[in-house]
6 protein chains.
Amino acid sequence: MLLQLSTWLEVEAYLERSQGIIVPIGSTEQHGPTGLIGTDAICAEAIARGVGEATQALIAPTINVGMALHHTAFPGSMSLRPSTLILVIRDYITCLAREGFTRFFFINGHGGNVATLKAAFSEVYATLVDLHVPQAEQVQCQVSNWYLCSPVYKLAKELYGDQEGSHATPSEVALTQYVYPEAIKHAPLSEPVAKGHRIYGAADFRRHYPDGRMGSNPALATPDHGKQFYELAVKDLSNAYLEFLAAV
Amino acid sequence: MLLQLSTWLEVEAYLERSQGIIVPIGSTEQHGPTGLIGTDAICAEAIARGVGEATQALIAPTINVGMALHHTAFPGSMSLRPSTLILVIRDYITCLAREGFTRFFFINGHGGNVATLKAAFSEVYATLVDLHVPQAEQVQCQVSNWYLCSPVYKLAKELYGDQEGSHATPSEVALTQYVYPEAIKHAPLSEPVAKGHRIYGAADFRRHYPDGRMGSNPALATPDHGKQFYELAVKDLSNAYLEFLAAV
Amino acid sequence: MLLQLSTWLEVEAYLERSQGIIVPIGSTEQHGPTGLIGTDAICAEAIARGVGEATQALIAPTINVGMALHHTAFPGSMSLRPSTLILVIRDYITCLAREGFTRFFFINGHGGNVATLKAAFSEVYATLVDLHVPQAEQVQCQVSNWYLCSPVYKLAKELYGDQEGSHATPSEVALTQYVYPEAIKHAPLSEPVAKGHRIYGAADFRRHYPDGRMGSNPALATPDHGKQFYELAVKDLSNAYLEFLAAV
Amino acid sequence: MLLQLSTWLEVEAYLERSQGIIVPIGSTEQHGPTGLIGTDAICAEAIARGVGEATQALIAPTINVGMALHHTAFPGSMSLRPSTLILVIRDYITCLAREGFTRFFFINGHGGNVATLKAAFSEVYATLVDLHVPQAEQVQCQVSNWYLCSPVYKLAKELYGDQEGSHATPSEVALTQYVYPEAIKHAPLSEPVAKGHRIYGAADFRRHYPDGRMGSNPALATPDHGKQFYELAVKDLSNAYLEFLAAV
Amino acid sequence: MLLQLSTWLEVEAYLERSQGIIVPIGSTEQHGPTGLIGTDAICAEAIARGVGEATQALIAPTINVGMALHHTAFPGSMSLRPSTLILVIRDYITCLAREGFTRFFFINGHGGNVATLKAAFSEVYATLVDLHVPQAEQVQCQVSNWYLCSPVYKLAKELYGDQEGSHATPSEVALTQYVYPEAIKHAPLSEPVAKGHRIYGAADFRRHYPDGRMGSNPALATPDHGKQFYELAVKDLSNAYLEFLAAV
Amino acid sequence: MLLQLSTWLEVEAYLERSQGIIVPIGSTEQHGPTGLIGTDAICAEAIARGVGEATQALIAPTINVGMALHHTAFPGSMSLRPSTLILVIRDYITCLAREGFTRFFFINGHGGNVATLKAAFSEVYATLVDLHVPQAEQVQCQVSNWYLCSPVYKLAKELYGDQEGSHATPSEVALTQYVYPEAIKHAPLSEPVAKGHRIYGAADFRRHYPDGRMGSNPALATPDHGKQFYELAVKDLSNAYLEFLAAV
């Protein structure tokens, strides 16, 4: 059930039976010569919708632009400041918590979002108390990274070994190929690919990772792999979401 | 050309021929008993994509959640604070301006966004100067509301007269029916519909507009009307975008 | 009744009979070679005081510096950031609402303030709810631009036609001449005057409007015209204020 | 020379001969049963204008609302948060420093402003460096409290002794009587007047100072005293301003 | 070499040979019935000083109050908001980077700090570029948690097994006993200790962890264990710091 | 009683008998060629601990980095922005006030902190009301500067006369020598020492005070003097703290 395609009467009815909502969060950032700039948002959104169907959960609109400052030396990358993203999360949850939602399950497609999301959750719990929002103390937020689901992770290792890398990975590219087969891109991938440098500022990132990839070989990706990743992630995160709802 | 479905190499090439980008901005808010909560985002996104095809423009990801604080007494509505939305716009444009974009054309689906967007543009111009962003002085931002395009406005008056109203209008509902025919909703619409009260806070809004509509009769909407609105808006805004690019 | 010239006991008594207050807001910005930098504040303040006399309303101190970032390439111009002005408005209204005021009527002399003021109102309504200010839901804010009052607008067109322009206009200059006849300035006005360029950043503005005027011929202004504008604006806004108070 | 009554061409010429500007800052707060709410702004503005005439200095518009949170339990009092006032000062000085002003002389009428002003100056110096404003390192800000000018202070002690008190003092009331003789107020003043309690929050303040005065007897004030205070302050601060300009 | 016990001339000389600095960061929060409120700061500071001696590194003053909002339902706990801590880190690093430091090594004693620290680092890299700080692109920040050093972690498992828990652990308590043997506390520890509940808001935390411990048995701690932990951590983090400095 | 060396149970017990807490605040800034960068924090902390012993008061962790922007042109100096320090103080007091503390006594070692601290207190009182913190109206904050205690001030004048100066003074250096005799530094001190220039920005400060001292001769300091200053300050501030607690 997509919030965007629902009416307020339907949401009112939904709240009678559940106080949970799933928020997909991705990023808009370079993903190497062949990866889509929207990769992280596309993956998070597709999987969230799958989880929504599997669990009858309500799905909020996708946060398309996340925390990707370190990618902004590549054209087309966009990022919120961490301090801005914290405010965005605060505003989202404050509105929804006042309307009766208490369980916020973020399905995340981008490693760079995690720290800021967790910081935001802490800020949000305190803010809800500050504002004396009813049920403030019942509000719980959780972030799950689809690419770290154990079966997803295992399959990626199985299919790609070390060539999975850590950015513009074949697994995420495969997933976008499954969702948007019309947008499969081709470009030469230089050998060897850079890896092993920690992430600091944007210029430093581009200097060390000149084509944007971090140790990955996205040429290994196929739409069929993508379908497998999708199904594993949906299954795993559906269980995670239901457990999250069930916890006291 | 959708930014989300492009690679950074493609954006780099795009920047060789154009420094313009279109940003759809909508809202996530109640649209009466039968209107979709995502109406404003759906309309802005669909039209922006049409304009993108017509003009070869790059389309940024849609800002799904805008400034809709006055709707937040209805379940499912979400809003950024104006002060947050200003920061979001600042972050978007700062990233993109540093990468070489100078013309930002916002296609807007929600009246409540306009004031904050315009405030944000002023803040952004000053910020770019503060940061000594190259080409800061070339950056220009503009917001166009699809529902105020002259041919759109005329058709709405022709088809619906006074029953167009000013929120949850048949014209916007029609457009969503055209885009998502599978999500056409039905619910009883009380008579007469409230109208004429100015917009202040959220509780005040709901007290005066108890089902969320402002003087509108969305039951008049049809998908075919939606198609007409879509085509008129795309044509009109395509011209507007090209003029914007051409201005000195 | 001017707040500045009242005692707190008088304000306490005033609140027994009215919860309305008028806030003049202007700007401190270039107004062409002959217009006063304080034009917008002077006009707003003079008219607000006239409305105060006509309606027995309390008048708050004038906000002299508004949102005029686009004028700041001219010496003597001052501006708040939109984000700062939002906080100023928030602070003003929070204090006054806690003391019992619920109707805030801004008489505005500067187009550049409008977007930020409207954004600020939205922020304020939400803030008052956040703070659990009693009567938060009764608070209503409205901005009226004196130069857009229908009789003012008509007279300006009648007297000046196209030479009214849109900044450093003869109508506003005339009003300052009426209020401060000792400060009528003379300087050569180049021909033709620039017009038709949209407003973006400050350097861009000055490049397109090198002497600060936007399509106007302030040489047409006379103190007597100013008197007429003053009287029309006071009458029109007095009615507007009383209607605002009377609305539910 | 009042900025509000000048043109930008006149300011441009002024900057050729001086880079100094005087900013009057007051407050909008209760001043006991008979003191005007605008007392601090009225005093600061009148004296600043006198200093402007004596020294040919440019006078910026008065900051009417300052930091008076502790007075806000009395109707009609208004205050900025310290954090807001810091931003206001930052915005004022940033604009003016970019235009060429380097010496900012604040004539202050309210003790509650001093700490925040000084904090703001520190923030401003750093901000100007952050923004690489030319001449950032030449910018100097100073605040002078008219009521602490040595001759003013002495006269107040002479005329009123202990009855001068520390808020709603006869000296400041006298000065407003001199400036606005038409607004001299009368009301019973209870005996004895409270004194000696430090300033904390607003409710605490009103509890300890129930009529708003702090140890003062404003009934001793006369317009003629006001004239003397005015002249002493103008003379003393004119010297102070000229010394400030002359310092390296 | 402690920054607090150095002169600026000594720091100037230090910068000739190294651009690295170590910042200890802890927390001020409940640590169960027998753990010190300063545990995390004490551990981080002691280890940082040990690392400083081993590597000739400069040690900044300890950040004693971190992000511990979830502990604030227990008396004596203090916390910065994540948004505040981000600003603190920004201010620290901006000052030091302008003076020539480029490598910032945070030795951390509190899990709750990690997300906010990482968010802050991203914000800082971008800020340094915004401010055009020379060497902005050379600045690198890293956080190391002493309790996750592999030899520390192993020893804790060896000594305490599952009774190590995850808050108010015997390992950290032992370390404080080694540093402050005069402050060893005794109090009854209820059985069984709570565990397994995720961390959300402060009230929720206290409800699930009524005495503050998370699955730990700090009664197992001894000063001698503390000495072992200290030595392992110093050795491991000294290597980590030197590698950090050596990386390109 | 040091908060850092207490358990939450001990703090809970403390709150039964007292709602006061002492917060030492210093700075991390150059103190001339021979003064320690931590001078202000060292002095404030040592004296606060002495006062804590004398009065049985709880001592919060020291704020080591204060408002020292004007010193940041010297290596090793660190500073918070005033706006950041306000937030830090807000966070500290909000946490502690919610736990039951109502009297906050800051023992300060650095003149540059005073304005910002006072601004912060005003902000805090208002924030506690905004948040509806119970006992908000009982909260009182006070700052005492140890170096301005009357007996301290007198002794400094007696021992050093004019050579006390106003920064890197022999009195504060003496106190650090008493606390850290192992860190007594020697360096040539140029003659004559600069003095008499007001404090503005950091570059301006260093230009006028090239070795960091302001009119002082720290070579006169001895550890024995330091002991005397320490004892006088502890005695004087112990009385001040007890009076503060006793006031209504």
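First, a word on scope: everything that follows refers to the structure included in this document. (Residues numbered from 1 in each chain as written. Chains lettered and ligands numbered in written order. Predicted model: local features only at pLDDT ≥ 70, side-chain atom pairs only at ≥ 80, totals over all residues. Heavy atoms only, no water.)

## Side note on the overall build of chain A
Step number 1: A tally of helices and strands in chain A yields eight helices and four strands.
Step number 2: Ordered by position from the N terminus, the helices and strands of chain A form the series α-β-α-β-α-β-α-β-α-α-α-α.
Step number 3: The C-alpha radius of gyration computed for chain A amounts to 18 Å, which stays within 12% of the reference 18 Å derived for 248 residues, consistent with globular compactness.
Step number 4: Taken over the C-alpha atoms alone, chain A extends approximately 55 × 35 × 30 Å along its principal axes.
Step number 5: When each of the 248 residues of chain A is scored for burial, the buried share is 66%.
Step number 6: Restricting the contact set of chain A to residue pairs at least 6 apart, pairs at least 24 apart contribute 77%.
Step number 7: For chain A, the computed accessible surface area is about 8300 Å², with 53% contributed by carbon and sulfur atoms.
Step number 8: Positive and negative side-chain charges in chain A, numbering 17 and 24 respectively, have mean positions lying 6 Å apart. (Helix = DSSP H or I, 4+ residues; strand = E, 2+ residues; numbered from the N terminus. Rg over C-alpha atoms; globule rule 2.2 N^0.38 Å. Buried < 20%, exposed > 50% of the residue type's maximum accessible area, 1.4 Å probe, protein only. Contact = heavy atoms within 4.5 Å. Areas by Shrake-Rupley, 256 points an atom, 1.4 Å probe, with all protein chains shown as cover. Lys, Arg positive; Asp, Glu negative; His and termini not counted. Charge placed at Lys NZ, Arg CZ, Asp CG, Glu CD.)

## Things to note about the nonpolar core
Nonpolar side chains tend to gather and get buried jointly when the protein is soluble and globular.
Step number 1: With 446 residues, the main nonpolar core has F106 of chain A, F106 of chain B, F106 of chain C, F106 of chain D, F106 of chain E together with F106 of chain F as its most contacted residues.
Step number 2: Setting aside chain neighbours within four positions, we find F106 of chain E in contact with V23, I25, I63, I89, I93, L117, F121, Q142, V143 and S144 of chain E. (Core = buried A, V, L, I, M, F, W, Y, C linked by side-chain atoms within 4.5 Å.)

## Considerations on the pairing of strand β1 (residues 20–25) of chain D
All names here are of chain D.
Step number 1: Counting buried positions over the six residues of β1 gives six, a clear majority of the element.
Step number 2: Side chains G20, I22 and P24 project from β1 onto one buried face, and the interleaved I21, V23 and I25 project onto a second face that is buried too.
Step number 3: Relative to strand β3 (residues 103–108), β1 runs parallel, the two being bridged by six bridges. In the strand pairing of β3, I22 is matched with F105.
Step number 4: One crossover worth recording links β1 to the parallel strand β2 (residues 58–59) by way of helix α2 (residues 39–55), and it is right-handed. (Pairing = 2+ DSSP bridges. Right-handed = clockwise from strand over helix to strand, strands pointing away.)

## Focus on the environment of T39 of chain E
Residues and elements named next belong to chain E.
Step number 1: By the element assignment, T39 lies in helix α2 (residues 39–55).
Step number 2: The spacing of T39 and T7 is 32 residues in sequence and 29 Å in space, taken between C-alpha atoms.
Step number 3: Excluding its chain neighbours within four sequence positions, the residues that come into contact with T39 are H31, E172 and T176.

## A word on unusual backbone geometry
Step number 1: Here the bond from E191 of chain A into P192 of chain A is cis, since omega is -10°, no more than 30 degrees from zero.
Step number 2: Along the chain, the position of P192 of chain A falls in the loop between α6 (170–179) and α7 (202–208).
Step number 3: A positive phi angle, close to 60°, is found at Q56 of chain C, a residue other than glycine.
Step number 4: Positive phi is not limited to glycine here, since A168 of chain E has a value of about 60°.
Step number 5: You can call A168 of chain E buried: its relative accessible area is 0%.

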